[in-house]
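Descriptive structure summary
Below are the chains, spelled out letter by letter.
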Amino acid sequence: MTDRETSARTGVTDQIAALPMRWEKGGKLRVLMVTSRDRGRWVMPKGWLMDGKKPWRAAEIEALEEAGAAGFISKKPVGVYHYDKLMGDGTSLRCRVTLYPLMVERLRRRWKERGQRRRHWFTPGKAAKLVEEKELAALLQDLARKPERRAALEKLRKAA
């Protein structure tokens, strides 16, 4: 069954997103967010699955195009969240977004969507307050509060 067939049956379409992050010298975790092109909301770099690309590779491409963030991406997602995407024709599409952590090694000065978006580093707690998606907010709060989440990200950080 193709993704489109699954989407038609379940009413949910799959997307991927990167969770760009870094640790500051003092050990504080920061996440990089970008503004959406429509209303300027703070979001994670995300997009559609790409033919011929693994989901984590597509998320890595979205982070580079939308935020100019390059680094090491995990093949293992950190979570899933849902949102309703407003389409150009006024309808909405329910999306399930799989979130892949990306250890940012470098921010490019020039990137594909720099004229359309802003980017900013936030603490996970602050990021959780800024996003509209409740499940994404909960994932970000977990990063801020749960030591076991941090430990898993530390392993990824060392692997990078």
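Residues numbered from 1 in each chain as written. Predicted model: local features only at pLDDT ≥ 70, side-chain atom pairs only at ≥ 80, totals over all residues. Heavy atoms only, no water.

Turning to the pattern of salt bridges, a few remarks are in order. Enumeration according to the criterion identifies 13 salt bridges in this entry. Between Asp38 and Arg41 there is a salt bridge, with its nearest N and O atoms 4.0 Å apart. Relative accessible area serves as the criterion here: at 16%, Arg41 is assigned to the buried category. Via salt bridges that share partners, Asp38, Arg39, Arg41, Glu132 and Glu133 belong to a single interconnected network. (Salt bridge = Lys/Arg side-chain N within 4 Å of Asp/Glu carboxyl O. Buried < 20%, exposed > 50% of the residue type's maximum accessible area, 1.4 Å probe, protein only.)

In this section: the confidence of the model for the protein. Per-residue pLDDT for the protein has a mean of 88; in total, 84% of the residues score no lower than 70. pLDDT under 50 marks residues 1–6. Its contacts with residues more than four places away, or in other chains, come to four contacts. (pLDDT = per-residue confidence, 0-100. Contact = heavy atoms within 4.5 Å.)

With that settled, consider the layout of surface pockets. The computed volume of the largest pocket comes to approximately 480 Å³. Contributions of two or more residues to the lining of the largest pocket are made by strand S4 (46–48), helix H2 (55–67) and strand S6 (79–86). By residue number, the principal contributor to the lining of the largest pocket is S6, which donates four residues. Looking at side-chain class alone, the lining of the largest pocket contains five nonpolar, three polar and 13 charged residues. (1 Å grid on protein atoms, 1.4 Å probe; cavity = no way out; pocket = protein on both sides within 12 Å on 5 of 7 lines; lining within 4 Å. Points joined across faces, edges and corners; volume = space filled by probe spheres on them. Helix = DSSP H or I, 4+ residues; strand = E, 2+ residues; numbered from the N terminus. Nonpolar A, V, L, I, M, F, W, Y, C, P; charged D, E, K, R; others polar.)

On to the packing of aromatic side chains. The full count for this structure, using the stated rule, is one aromatic pair. Lying across the ring of Trp121, Arg22 places its NZ or CZ 4.2 Å from the centre. In this arrangement the basic side chain of Lys46 is found over the ring face of Tyr83, its NZ or CZ atom lying 4.9 Å from the centre. (Phe/Tyr/Trp six-rings, centres within 6.5 Å; stacked < 30°, edge-to-face > 60°. Lys NZ or Arg CZ within 6 Å of the ring centre and 35° of its normal.)

Compared with an ideal rise of 1.5 Å per residue, which puts 13 residues at 18 Å, H2 spans 18 Å between its outermost C-alpha atoms and is within 8% of the ideal. For H2, the full list of buried residues reads Ala58, Ala59, Ile61, Glu62, Ala63, Glu66 and Ala67. The secondary structure elements touched by the buried residues of H2 are strand S1 (12–23), strand S2 (29–35), S4, strand S5 (69–73), strand S7 (92–107) and strand S8 (119–122). Trailing H2 by a residue or two, Gly68 shows a phi angle of about 70°, which is positive. (Expected span 1.5 Å × (residues − 1).)

Before going further, it helps to spend a moment on the side chain of Thr35. Mapped onto the secondary structure, Thr35 falls in strand S2. The class of Thr35 is buried, set by a relative accessible area of 4%. For Thr35, the side chain forms a polar contact with the main-chain nitrogen of Arg118, separated by 2.8 Å. Contacts of Thr35, omitting those with residues within four sequence positions, involve Gly40, Arg41, Trp42, Val43, Arg117 and Arg118. (Polar contact = N/O pair within 3.5 Å; in protein donor to acceptor, adjacent residues only side chain to side chain.)

Within the largest apolar cluster, 25 residues are counted, with the highest numbers of intra-cluster contacts made by Leu19, Met44, Tyr81, Leu99 and Leu140. Only S1, S2, S6, S7, helix H3 (124–130) and helix H4 (134–145) provide two or more residues apiece to this core. With residues up to four places along the chain from it excluded, the contact list for Leu19 reads Val31, Met44, Val78, Leu99, Tyr100, Pro101, Leu102, Leu140 and Leu143. Listed in part, the 15 residues of the second largest apolar core include Leu32, Val43, Ala58 and Leu102. (Core = buried A, V, L, I, M, F, W, Y, C linked by side-chain atoms within 4.5 Å.)

What follows concerns H4. For H4, built from twelve residues, the straight-helix expectation of 16 Å at 1.5 Å per residue is met to within 8% by its first-to-last C-alpha distance of 16 Å. Among the residues of H4, those classed as buried are Leu136, Ala137, Leu139, Leu140, Gln141, Asp142 and Leu143.

Further remarks concern the pairing of S2. Judged by how many residues are buried, S2 sits mostly within the fold: seven of seven residues are covered. Residues of S2 alternate between two faces, with Leu29, Val31, Met33 and Thr35 on one and Arg30, Leu32 and Val34 on the opposite face, all of them buried. Looking at chain direction, S2 and S8 are connected through four bridges and run antiparallel. Bridging from a neighbouring strand, Val34 pairs with Arg119 of S8. Taken together, S2 and the strand that follows it, strand S3 (residues 42–43), pair antiparallel across an intervening segment of six residues, in which Gly40 is found at a positive phi of about 75°. (Pairing = 2+ DSSP bridges.)

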